[in-house]
Structure formats: C-alpha cells, structure tokens
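Survey of secondary and tertiary structure
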Amino acid sequence: KAGVTQTPRYLIKTRGQQVTLSCSPISGHRSVSWYQQTPGQGLQFLFEYFSETQRNKGNFPGRFSGRQFSNSRSEMNVSTLELGDSALYLCASSPTSSGNTIYFGEGSWLTVV
Amino acid sequence: AQRVTQPEKLLSVFKGAPVELKCNYSYSGSPELFWYVQYSRQRLQLLLRHISRESIKGFTADLNKGETSFHLKKPFAQEEDSAMYYCALSGTGGFKTIFGAGTRLFVKA
C-alpha cells in the first residue's frame, strides 16, 4: 500500500504570496489531518477533514484553510504568507476520525522570504 | 483543556543505560495515548499505543490514569534509539490527535 504522499516537497515563497499544498492519503483512509512542525513549537494541529467535512480546527488564523475532495485527497492553502509561516507542513491520514493510529507523509518544507 | 506535556526537550543517556521519556496529559474523556518517533531523515511514525500493550524495539509505556501519565521506558538504550519522540493523545467522538512538544533522545556511545 502506498503511504501518504505530499506535494510539493520543497518550496520557497515571498511574503504576501499564497501557497497550496497537496496530500494524498493512504488508500481507504477517510480522515486527513494537517500539522505545522517548527523547531520552537513542535507539532501544531491545523485542521482535520473527514469525508469532505472539517471535523476539527486548531488555533491558526483564517489565512490557513483546507479542503478535502471526494477521493479523500486534501489540500491546504495559506494566503498572505508571513515569514513566520516557514515550517514543515505534515499531512497525516487514518481510517476513521478518532482514536486511530495516524500515518504521516514526509511533509512539505515551506520557506517564506 | 486537552493538553499533552513532555517536560524534557532533550534527554541524553549513555548506551546501555535505562531511559524514561515523560509524558503527562489532560483530557476529560477516555484517552487514547500514543508514542510517535521521528528518526533522522525519516517520516514521523507510530512507535506504540497504549491499547495494544505491545513492546516495540524494547520500549514500553503504561497508561496511569491516576497520574495522567504515559511515560515511555526502555531498560537498555541503544545508539539507534536516538531520535525525536512525541507523545500523542486522541479520544472518542471525533476528537483530534494532539501532540506534545517532543523530546529529543540522544544516546551516547
């Protein structure tokens, strides 16, 4: 079974721009979560989607948004990028919405300059 | 509020020494606790979960609901155990998985 796949793996953006990151979950997994990983803050929960519905949301500004498609693939978007948005963005999938092991992708490294 | 606390950012031990990575949680419901590990240049992956009560790579963790703890232990650390370890909490009813800040374990030769 293919693992969680994230694209792009690396990208550099300028302040004020917007970015879209993509995630393909493990086949059959209906829950997709997004996390921001930084050296200072660790793993911060962004949001979770289950069957195309946002089930949970973390404490991030409205510039961070996401969606899930009918095939469970997910995208997250960050608008009006700030320097502090530079981080590793991790996508994770699981069969259901809670209490399950989650499986991570390798992440998308975003650098904002 | 739901919270996972890992008090140590860095833990350094010698090879062959016992190791304990601390994790405390706060959750009003019935918790599901996990330990995830991230080795150098690898993706974050599950190490063990309390519900399975398995020993993985010599690591064990016991859920103590009275102390709201889920400490990770290994009697004899190996150099290949050097990694970043995250304690995670999930729950029922669509509760998301949240992570502690992580503890970097460094096992010295």
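Above this text is the structure in question.
Remember, predicted model here, so these are calculated numbers, not experimental data. (Residues numbered from 1 in each chain as written. Chains lettered and ligands numbered in written order. Predicted model: local features only at pLDDT ≥ 70, side-chain atom pairs only at ≥ 80, totals over all residues. Heavy atoms only, no water.)

**Notes on the side chain of Lys74(B)**
Residue and element names in this part refer to chain B. Put simply, the test is: Going along the chain from the N terminus, every DSSP run of H or I of four or more residues is numbered as a helix, and every run of E of two or more is numbered as a strand. Burial classes: relative accessible area under 20% of the type maximum marks a residue as buried, over 50% as exposed, and values in between as partly exposed (1.4 Å probe, protein chains only). Two N or O atoms count as a polar contact when they lie within 3.5 Å, although within protein this holds only if one can serve as hydrogen donor and the other as acceptor, and sequence-adjacent residues are included solely when both atoms are side-chain atoms. We call two residues in contact whenever any of their non-hydrogen atoms come within 4.5 Å of each other.
Take Lys 74: it is sitting in strand E8 (residues 72–74). With relative accessibility at 9%, the residue Lys 74 sits in the buried group. A distance of 2.9 Å separates a polar side-chain atom of Lys 74 from the backbone oxygen of Lys 57. Setting aside residues up to four positions removed in sequence, Lys 74 forms contacts with Ala 17, Pro 18, Val 19, Lys 57, Gly 58, Phe 59 and Asp 81.

**Some thoughts on the state of the cysteines**
Rules: Whenever a pair of cysteine sulfur atoms sits within 2.5 Å, that pair is classed as a disulfide.
Tallied over the entire structure, the rule returns two disulfides over all chains. Each sulfur of the disulfide joining Cys23(A) and Cys91(A) lies 1.8 Å from the other. Judged by the sign of its S-S torsion, about -65°, the cystine formed by Cys23(A) and Cys91(A) is left-handed. Of this pair, Cys23(A) sits in strand E3 (residues 19–24) while Cys91(A) sits in strand E9 (residues 87–94), placing them 68 residues apart in sequence. Both residues of the pair, Cys23(A) and Cys91(A), count as buried. With its sulfur 2.0 Å from that of its partner, Cys23(B) forms a disulfide with Cys87(B). Handedness here is read from the sign of the S-S torsion; for Cys23(B) and Cys87(B), about -65°, the answer is left-handed. In this pair, Cys23(B) is assigned in the loop between strand E3 (19–21) and strand E4 (24–26) and Cys87(B) in strand E9 (residues 83–90), connecting sequence segments 64 residues apart.

**A short note on the pattern of salt bridges**
Opposite charge on two side chains allows them to pair when their charged atoms are near. Test applied: Salt bridges are identified by distance alone: a Lys or Arg side-chain nitrogen within 4 Å of an Asp or Glu carboxyl oxygen.
Taken as a whole, this structure holds ten salt bridges over all chains when the rule is applied. Salt-bridge contacts for Lys73(B) lead to Glu20(B); the nearest nitrogen and oxygen are separated by 3.6 Å. Taken as a pair, Lys73(B) in strand E8 and Glu20(B) in strand E3 lie far apart in primary sequence, 53 residues in all. Classification of Lys73(B) as partly exposed rests on a relative accessible area of 41%. The closest approach of N and O atoms between Arg49(B) and Glu32(B), which form a salt bridge, is 3.8 Å. Residue Arg49(B) is found in strand E6 (residues 45–49), and its partner Glu32(B) is found in strand E5 (residues 32–38); the two are separated by 17 residues along the sequence. Judged by relative accessible area, Arg49(B) falls into the buried class, the value being 17%. Within the structure, one salt-bridge network assembled from shared partners comprises Arg9(A), Glu106(A) and Arg43(B).

**Here's the deal with the interface of chain A and chain B**
Using the following cut-off: The term buried area denotes the loss of accessible surface (1.4 Å probe radius) that occurs when two parts are joined, taken as the sum for both partners.
On the side of chain B, 19 residues touch chain A, which itself brings 19 residues to the contact. Approximately 1,600 Å² of surface area, both sides summed, lies buried where chain A meets chain B, with 49% of it carried by carbon and sulfur atoms. Summed over the shared surface of chain A and chain B, the number is one salt bridge. Arg43(B) serves as the salt-bridge partner of Glu106(A), at 3.8 Å between the closest nitrogen and oxygen. Applying the counting rule to chain A against chain B returns seven residue pairs in polar contact (both at pLDDT 80 or more). Counting only elements with at least two residues in the side of chain A that touches chain B, the list comes to strand E4 (31–38), strand E5 (42–50) and strand E6 (53–57) of chain A. When residues in the side of chain A that touches chain B are grouped by element, the largest group, four residues, is from E5(A).

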